[in-house]
Amino acid sequence: MSDKTIYIQEIEKLKNDWNYSHALEIAQKYLSKYTDDYRLYEELADIYLFEWNLVKAERAMKFAQNLNPESATWLYLSWYINISKWNFKLGVELLEKANELFPNNPEILRNLGWGLNMVGQSKKWIIILKRALNIAPDDILIMEDLGVTLMWDWQADLWEFYLRKAWREDKIEEMRKFL
C-alpha cells in the first residue's frame, strides 16, 4: 500500500469518526507535501461541505477538477455544492457524469434519483432507487428514499413496506398525515 493510499484512508477514518477538525489538519498537512494529489482536494471539499463552507468547498473542487477532470468523486461532491445553491439541473448533469465514470454506485444513484425528482422526473427517481436498492439491498437510506418516493407517487401498497424495512415507523406516521 502506498503512502498516498494510507493518508487518504487516515482522513476517511477521521471523517467516519466525525472528527472533521482533525481530518482537516491531516489533509492540509499532506497537501503541503503532495500538492498534485487531487484526492486531497476532494477530501478538503468534503470536509468543507460538512462544515457548510461552500466557498472553500467549491475552491477545493476546482483544484481537484483541474488535476483530474475524470474523477467521479469531485463530480459527486459538486452535486452537494449545486443543490445547496438550488441548481438541481446542473447537479443532475454532474451526477449523471459521475455515474458514467463510476457506474452502479448506490450512493451516486440515490442522489441522482433525488435530483431527478427535483427537476420533475419522479418516475425516473423510482426506477433509479430500485436499481440502487438491488445493488445495495441493506442500505437504509435508499429504502427510506424509495418509501417516501413511492408515497408521493401514490403507490400506497409499497411505500409503507420500504419505510418499515428501513425501520422508519416515525416516517410512516408522519406520511399518514398527508394522506
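Residues numbered from 1 in each chain as written. Predicted model: local features only at pLDDT ≥ 70, side-chain atom pairs only at ≥ 80, totals over all residues. Heavy atoms only, no water.

Novice: What is the right way to read helix α7 (residues 106-118) from this model?
Specialist: What sets the pattern is the α-helix's 3.6 residues per turn: residues three or four places apart point alike. The first and last C-alpha atoms of α7 sit 18 Å apart over 13 residues, in line with the 18 Å expected at 1.5 Å per residue. Regarding α7, the residues found buried are Pro106, Ile108, Leu109, Arg110, Asn111, Leu112, Gly113, Gly115 and Leu116. A side-chain oxygen of the first residue of α7 lies 3.0 Å from the backbone nitrogen of Glu107; this N-cap is Asn105. Gly120, located one to two residues past α7, shows a positive phi value of around 90 degrees. (Helix = DSSP H or I, 4+ residues; strand = E, 2+ residues; numbered from the N terminus. Expected span 1.5 Å × (residues − 1). Buried < 20%, exposed > 50% of the residue type's maximum accessible area, 1.4 Å probe, protein only. Polar contact = N/O pair within 3.5 Å; in protein donor to acceptor, adjacent residues only side chain to side chain.)

Novice: So what exactly am I meant to see when it comes to the nonpolar core here?
Specialist: Soluble globular proteins tend to pack their nonpolar side chains together in the buried interior. Within the largest apolar cluster, 51 residues are counted, with the highest numbers of intra-cluster contacts made by Ile11, Leu40, Leu44 and Met61. Here this core gets eight residues from one element, more than from any other, and that element is helix α5 (residues 72-84). Ignoring any residue separated from it by four or fewer positions in sequence, one finds Leu44 in contact with Leu24, Ala27, Gln28, Leu31 and Ala60. (Core = buried A, V, L, I, M, F, W, Y, C linked by side-chain atoms within 4.5 Å. Contact = heavy atoms within 4.5 Å.)

Novice: What is the right way to read the packing of α5 against helix α6 (residues 88-101) from this model?
Specialist: Across the interface, α5 lies against α6 with an axial gap of 8 Å and an inter-helix angle of 165 degrees. Put simply, α5 runs roughly antiparallel to α6. When the axes of α5 and α6 are compared, the crossing they make is left-handed. Of α6, the residues touching α5 (which contributes Ala72, Trp74, Leu75, Tyr76, Ser78, Trp79, Asn82 and Ile83) are Phe88, Leu90, Gly91, Val92, Leu94, Leu95, Lys97, Ala98 and Leu101. The residue makeup of the contact of α5 with α6, split by class, is 13 nonpolar, three polar and one charged. (Axes fitted to C-alpha atoms, helices over the stretch in contact; angles between N-to-C directions. Parallel < 35°, antiparallel > 145°, perpendicular 65-115°, else oblique. Left-handed = near helix turned anticlockwise from the far one by under 90°. Nonpolar A, V, L, I, M, F, W, Y, C, P; charged D, E, K, R; others polar.)

That's the geometry; what it means functionally is another story.
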